[in-house]
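# Remarks on the overall topology
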Amino acid sequence: MKVRNATIKDYDEIKRLMIDFANSNPVKDLHNPKYDNNHVNRVLDYITREGVALVIEEQHQVVGMLLATIQGDFWLPHVKRMTEVAWWVESAYRGSTAGARLLKEYIRIGEQLKKDNKITSFTLTTLSSTPDLKLNTRGWEPIDFNWIFRG
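Residues numbered from 1 in each chain as written. Predicted model: local features only at pLDDT ≥ 70, side-chain atom pairs only at ≥ 80, totals over all residues. Heavy atoms only, no water.

### Quick notes on the overall build of the chain
Each helix and strand counted, the chain has three helices and five strands in total. Along its sequence from the N terminus, the chain presents helices and strands in the succession β-α-α-β-β-β-α-β. For the chain, the C-alpha radius of gyration of 16 Å lies close to 15 Å, the compact-globule estimate for 151 residues. Its C-alpha atoms give the chain principal-axis dimensions of about 45 × 35 × 35 Å. Residues counted as buried form 33% of the 151 residues belonging to the chain. When contacts within the chain are restricted to residue pairs at least 6 apart in sequence, long-range pairs at least 24 apart make up 57% of them. Mean positive and mean negative side-chain charge positions of the chain (21 and 19 charges, respectively) differ by 2 Å. (Helix = DSSP H or I, 4+ residues; strand = E, 2+ residues; numbered from the N terminus. Rg over C-alpha atoms; globule rule 2.2 N^0.38 Å. Buried < 20%, exposed > 50% of the residue type's maximum accessible area, 1.4 Å probe, protein only. Contact = heavy atoms within 4.5 Å. Lys, Arg positive; Asp, Glu negative; His and termini not counted. Charge placed at Lys NZ, Arg CZ, Asp CG, Glu CD.)

Below, the structure written as structure tokens:
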């Protein structure tokens, strides 16, 4: 398996993975997405140019991705943070090293950006359905929780 930076040639594969990602999300509003390709392409252009867009391949087939943006804090825009917005591996490759390899590269990039003073921190989000990855034993600490009101 090989992790590499995504290119425009990967957009269709990333969109395919995004559909799987949306359909597995516990928020049902996101299921069966009908993406506006122009909008998604613009978002991917932005992420590949200004953030981090990683894919992992197995035998020249994209089987996972990790996308992150770099943005200023909402209240303190000079405080730059890298925020993971999508981390997904095809179900057939779960239990392999695909997700860990993407995460390892994300951490390597985040540490370098911090060293270069381009960001102050970087974050990772997991879904409520994500298995326990024992992130707290790997240098991560929880900073907040998102809740959806279901009445």
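### What to know about the side chain of T123
Mapped onto the fold, T123 is located in strand β5 (residues 121-123). Using a relative accessible area of 15% as the deciding quantity, one classes T123 as buried. Residues contacting T123, with those up to four places away along its chain left out, are R81, M82, T83, E84, Y106, W140 and I143.

### What about unusual backbone geometry?
Phi angles above zero are rare outside glycine, and H60 is one such case at about 65°. Position of H60 among the secondary structure elements: in the loop between β2 (52-58) and β3 (61-72).

### Observations regarding the sheet that holds β5
Taken in spatial order, the five strands of this open sheet run β1-β2-β3-β4-β5, and their pairing is mixed. Either end of the sheet is taken by a strand with one partner, and the two such strands are β1 (2-5) and β5. Direction aside, the axes of adjacent strands within the sheet are offset by 20° on average. In terms of strand pairing, strand β4 (residues 80-89) meets β5 through three bridges, oriented parallel. Directly across from M82, in β5, lies its bridge partner F122. (Pairing = 2+ DSSP bridges. Axes fitted to C-alpha atoms, helices over the stretch in contact; angles between N-to-C directions.)

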